Amino acid sequence: MTSQSVLIVDDEPDIRELLDITLSRMGLDTHSAATLGEAQEMVARVQPDLCLTDMRLPDGNGISLVEYIQQEFSHIPVAMITAHGSVETAISALKAGAFDFISKPIELDNLRKLVSSALQLDGDTSKLANAVDHDLIGSAPAILSLRQQITKLARSQAPVHICGESGSGKEVVARLIHNNGPRAAGNFVAVNCGAIPPDLMESELFGHIKGSFTGANQDKPGLFQAAAGGTLFLDEVADLPLAMQVKLLRAIQEKSVRPVGASEEQATDVRLLSATHKNLAAEVEAGRFRNDLYYRINVIDVNVPSLRERMEDLPDLARGILQRIASDEDNHKAHLDQSAVDALGQYHFPGNVRELENILERALALSDGEKITAEDLQFSSNTPRSPAPAKSADGDSSGVRVAPQDAYGDLEGYLDDIERQILSTALEESRWNKTATAKLLGISFRSLRYRLKKLGLDE
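Read on for an overview of the structure. Quick caveat: nothing in here was measured; it's all calculated off a predicted structure.

Thoughts on the overall build of the chain
Right, so step 1: When its secondary structure is counted, the chain shows 19 helices and 18 strands.
Right, so step 2: Counting every position in the chain, which comprises 459 residues, the buried fraction comes to 45%.
Right, so step 3: Put simply, of all contacts in the chain between residues at least 6 apart along the chain, 68% involve residues at least 24 apart.
Right, so step 4: When the accessible area of the chain is evaluated, it comes to approximately 23,500 Å², of which 47% is carbon and sulfur surface.

Right, dumping it as structure tokens:
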């Protein structure tokens, strides 16, 4: 089997020799170049599996080499060697398409990790593109562009900020970037920053040691440690308190964290992805988000379109989601009737794809388990369906029975109470046998299970 090769580009002979020795001990073939011109010629002739380049070169800079390789040999990852603390240089390299960066003085352990990670990338990018196509349904222009971005970003270690409305699929995009990159074998750790109490935030992210505060009965690793070798996804990052933003910035810059109560920092190896439904630039302008942290996590930004912006994808998207939900229940017969597709197409989906999933999950539970029609769909607001007229007490469908006075103002709660009472009575009569209960009520078992869960009677 042919050894993988690395091109080392640096005008300092001592650096080239150090890198050559380190990489040779990893079983890699090496090639060297001292100038930008030599490097471009070597890349074209040798086409190495990885290029390591210094930023400063006698006849140009490393950014130019990154751009050249991106344009002519995009399958070759490039890692930039930067001066210590040169944040702007590192970010410029990542924006230009560099796989990652490493700072001088070079820590050999970090170098080995970077090289090993880069060499795990598959040079055949068509496989990656096919995987993304399979998991991201749709052919709207915004989705085609998003697929291309994901395919490119999966081959990078650059911090990515994902923006889009709630429910649009930001975490789906983050998982695709992780699952199709060199860190796929590591953990994908997602955390909603708005769901963690401020006084527990530091402990949750960085961990704590035993006795560091009341209730800390043992050492506990944080989410950074849990994501080691993988990806940490900070959802709703705009909700981080300002004090925590300072500590997060330091963790990113130093690539290390200090658990609460610890005297020393611990090195971290995570790729950071973040997301929010808010306008992060506006949050910076308002003083609610630090500009320097924004600069570090927003190296590359990705916009996830709302469902309203890609309604031409709705039929295929709805069928794909229904197939996945039904498969989880070992149901291979469920399908959407055209009336359901038409009804979905008239709805505005304020909750985006997440709302579509919820609507279809409810519809499957309430249907006969096979064909889902418009009548099985329940919309949260502005529903396009016209409900059938209710029968009055004497069976005449021309009138509407009036609800009791105590239903006004909370009709949904009133109806839930009635349904809960009916279900409880039926369960008691059937001795809590759910199959018998469904038969008694004349509904499917799946529908019964959904209703019990909805009303808190499934325990």
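What about the packing of aromatic side chains?
Right, so step 1: Considering all chains together, one arrives at five aromatic pairs under this definition.
Right, so step 2: An angle of 45 degrees between the planes, with centres 4.5 Å apart, marks the rings of Y347 and F379 as tilted. Remark: F379 occurs in the loop between β18 (371-372) and α17 (411-429) and Y347 occurs in the loop between α15 (338-345) and α16 (352-366); sequence separation between them is 32 residues.
Right, so step 3: By relative accessible area, which is 3% here, Y347 ends up buried.
Right, so step 4: A cation sits over an aromatic face here: K255 above F101, 4.7 Å from the ring centre.

What about the side chain of S117?
Right, so step 1: As for its placement among the helices and strands, S117 is situated in helix α5 (residues 108-118).
Right, so step 2: Judged by relative accessible area, which is 13%, S117 ranks as buried.
Right, so step 3: The contacts of S117, once residues within four sequence positions are left out, are F99, Q157 and P182.

Some points on the sheet that holds strand β16 (residues 300-303)
Right, so step 1: Taken together, the five strands give an open sheet; going across it, the order is β9-β12-β15-β8-β16, and neighbouring strands pair in parallel fashion. Every interior strand has two partners, whereas the edge strands, β9 (188-192) and β16, have only one. The average undirected angle you get between the axes of adjacent strands in this sheet is 20 degrees.
Right, so step 2: As defined by bridge partners, strand β8 (residues 160-163) adjoins strand β15 (residues 271-276) across four bridges and the pair is classed as parallel. Opposite C163, over in β15, you have T276 as the bridge partner.

Each value, and the rule that gives it
Numbers given for residues are sequential positions, taken from 1 along each chain in its written order. Confidence filtering applies because this is a predicted model: local features only for residues at pLDDT of at least 70, side-chain atom pairs given and counted only at 80 or more, and all residues used for totals across whole chains, interfaces and linings. In computing side-chain properties, one takes all heavy atoms of the structure into account and sets aside hydrogens as well as water. Secondary structure counts use DSSP, requiring at least four H or I residues in a row for a helix and at least two E residues in a row for a strand, with both numbered from the N terminus. Only protein chains enter the calculation, and the probe is 1.4 Å; a residue is then buried if its accessible area is under 20% of its type maximum, exposed if over 50%, and partly exposed in between. By the convention used here, residues are in contact when the closest approach between their heavy atoms is within 4.5 Å. Using a 1.4 Å probe, the Shrake-Rupley method yields the accessible areas, and only the shown protein chains count as cover for residues. Aromatic rings from Phe, Tyr and Trp, taking only the six-membered ring of Trp, are treated as a pair when their centres fall within 6.5 Å; an angle between ring planes under 30 degrees marks them as stacked, one over 60 as edge-to-face, and anything in between as tilted. Whether a charge sits over a ring depends on NZ of Lys or CZ of Arg being within 6 Å of the ring centre and within 35 degrees of the ring normal. Paired strands, as defined in this entry, are two strands with at least two bridges between them according to DSSP. Angular values range over 0 to 180 degrees, each being the angle between N-to-C directions of two axes fitted as lines to C-alpha atoms, with helices fitted over their stretch in contact.

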